[in-house]
Amino acid sequence: MSDSLTCVSTPSLADLPIRRLTPRDLIACADLSQDRGWPREEHKWGLLLAAGKGYGIDDPHGGLVSACVVTQYGTEYRPDLSAIGMVLVAERHARQGVGRRLMRHVVAESGATATPLTLYATPHGRPLYEGLGFKVTGSAEMVRGRFTPDGAASGVATRAATGEDLAALVRLDAEVFGADRTHVITRLPAFADQLRVAEENGRIIGYAAAWPNMDTHVVGPLIARDTETAKALIASLAAHTSRPLRTDVDVRHEELLSWLKERGLASVGFNAVMTHGIPDLPGDWTRRFAPVTVAAG
Ligand SMILES: CC(C)(COP(=O)(O)OP(=O)(O)OC[C@H]1O[C@@H](n2cnc3c(N)ncnc32)[C@H](O)[C@@H]1OP(=O)(O)O)[C@@H](O)C(=O)NCCC(=O)NCCS
């Protein structure tokens, strides 16, 4: 009796289907991050896969070939804006057109509902997005380090947010961000270790969260009436953590960036803010200091 050998051909990369990812894919997504030399960031993937729509390509040999997450803002059936993040292709499949195919798919899906797109591009990802018609509209500087307080009393009062504040936060956030982010903001009390508000005469004039990411606390979102309010919120978050802080500040907020650098945070790098289908982001950039995460806008 002779052995029979069954030969199963491996489909080419271009034939592998793109599927929706769910929170069950969290570990595979974190493995993919690690494969590219990024931190695993499981906590962040958890938020994004729950609040956003993940897209991915399965590797027939196990794991993911590629992944990305699209977080939609505004109404569900006609979003005002979608933010793309966590665009990753496994090292062993790089430079074979996978990233472009996945992004084309996402751009085509958003085109069906005429939804504008935005993303923060690393220098590595930028040529890919430019090729798909994304334009650079701004820049954010990532800063990281242990915050050293200066002891000076702030004129702005801050306190921990309570459940009763959520409706007001959602309203303020929509005004400043320019689209409704209820599904992300209402997840912040569980996702973040701290959620604080700044108040004046009983009115909320800003808010900020600090959420755990690897060994740091990421400050974001950071929404504030002015730079003094943003500073007070960061100082109050820093007072309640011993971890280094990390945040991604719109470079137009020069005063806040200088203040952070004077207090121990150092520049890690820059991400280009890009848009597709709109010339600029909606909302009020003067009160929008930092995103929840660059992966979700
Ligand atoms: C960026 C990334 C997603 C591209 O995926 P990919 O499947 O390798 O890219 P593609 O083969 O589809 O190439 C698309 C275009 O991207 C650009 N590109 C891809 N890899 C590049 C590299 N190493 N250096 C410079 N440009 C590159 C090129 O313009 C390329 O077009 P070309 O092949 O015609 O020159 C992938 O390299 C990756 O996961 N990088 C690490 C994570 C990252 O930086 N993600 C972007 C976050 S914004």
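Because the structure is predicted, anything quoted here is derived from the model rather than measured.

Undergrad: What is the right way to look at the site of the ligand in this model?
TA: Taken together, 20 residues lie around the ligand, and Val87, Val89, Arg95, Gly97 and Gly99 are the ones closest in. One of the backbone nitrogen or oxygen atoms of Arg100 is found 2.9 Å away from an oxygen atom of the ligand. Relative to its free-state accessible area of 890 Å², the ligand is covered by the protein chains to the extent of 77%. Among the detected pockets, the ligand sits in the largest pocket. Looking at the shell around the ligand, the elements with two or more residues in it are strand E4 (79-89), helix H3 (98-112), strand E5 (117-121) and helix H4 (126-131). The residue makeup of the shell around the ligand, split by class, is eleven nonpolar, six polar and three charged.

Undergrad: Help me understand the environment of Gln194, please; the structure alone is not making it clear to me.
TA: Tracing the sequence through the fold places Gln194 in strand E8 (residues 194-200). Counting along the chain gives 25 residues from Gln194 to Val219, while the straight-line C-alpha distance between them is 9.4 Å. Contacts of Gln194, omitting those with residues within four sequence positions, involve Ala208, Ala209, Ala210, Ser236, Leu237, His240 and Thr241.

Undergrad: Can you help me understand the packing of aromatic side chains in this one?
TA: Ring pairs (aromatic) are described by centroid distance and by the angle formed between their planes. In this structure the tally under the stated criterion is four aromatic pairs. Aromatic side chains Tyr129 and Phe134 sit 5.8 Å apart centroid to centroid with 65 degrees between the ring planes, which places their arrangement in the edge-to-face category. Taking the centre distance of 4.9 Å and the plane angle of 35 degrees together, the rings of Phe191 and Trp211 count as tilted. Separated by 20 residues along the polypeptide, Phe191 in helix H7 (residues 188-191) and Trp211 in strand E9 (residues 203-213) bring together distant segments of the chain. When the ring centre of Tyr55 is taken as origin, the NZ or CZ atom of Arg20, which lies over that ring, is 5.9 Å away. Against the face of Trp285 rests Arg252, its NZ or CZ located 4.2 Å from the ring centre.

Undergrad: Just to check I follow, could you spell out the nonpolar core for this structure?
TA: Nonpolar side chains in soluble globular proteins tend to end up buried together. Ranked by size, the top nonpolar core spans 42 residues in total, and within it Trp45, Leu49, Tyr73, Leu169, Ile185, Leu188 and Tyr207 carry the most contacts. Among the elements that take part in this core, helix H5 (residues 166-177) stands out by supplying six residues, more than any other. Once you skip the residues sitting within four places of it in the chain, Leu188 turns out to touch Leu195, Tyr207, Ala209, Pro221 and Val292. Ile205, Ala238, Leu256 and Ala290 belong to the second largest nonpolar core, which has 25 residues in total.

Scoring rules and cut-offs
Residues numbered from 1 in each chain as written. Predicted model: local features only at pLDDT ≥ 70, side-chain atom pairs only at ≥ 80, totals over all residues. Heavy atoms only, no water. Near = heavy atom within 4 Å. Polar contact = N/O pair within 3.5 Å; in protein donor to acceptor, adjacent residues only side chain to side chain. Areas by Shrake-Rupley, 256 points an atom, 1.4 Å probe, with all protein chains shown as cover. 1 Å grid on protein atoms, 1.4 Å probe; cavity = no way out; pocket = protein on both sides within 12 Å on 5 of 7 lines; lining within 4 Å. Sits in = over half its atoms within 2 Å of the grid points. Helix = DSSP H or I, 4+ residues; strand = E, 2+ residues; numbered from the N terminus. Nonpolar A, V, L, I, M, F, W, Y, C, P; charged D, E, K, R; others polar. Contact = heavy atoms within 4.5 Å. Phe/Tyr/Trp six-rings, centres within 6.5 Å; stacked < 30°, edge-to-face > 60°. Lys NZ or Arg CZ within 6 Å of the ring centre and 35° of its normal. Core = buried A, V, L, I, M, F, W, Y, C linked by side-chain atoms within 4.5 Å. Buried < 20%, exposed > 50% of the residue type's maximum accessible area, 1.4 Å probe, protein only.

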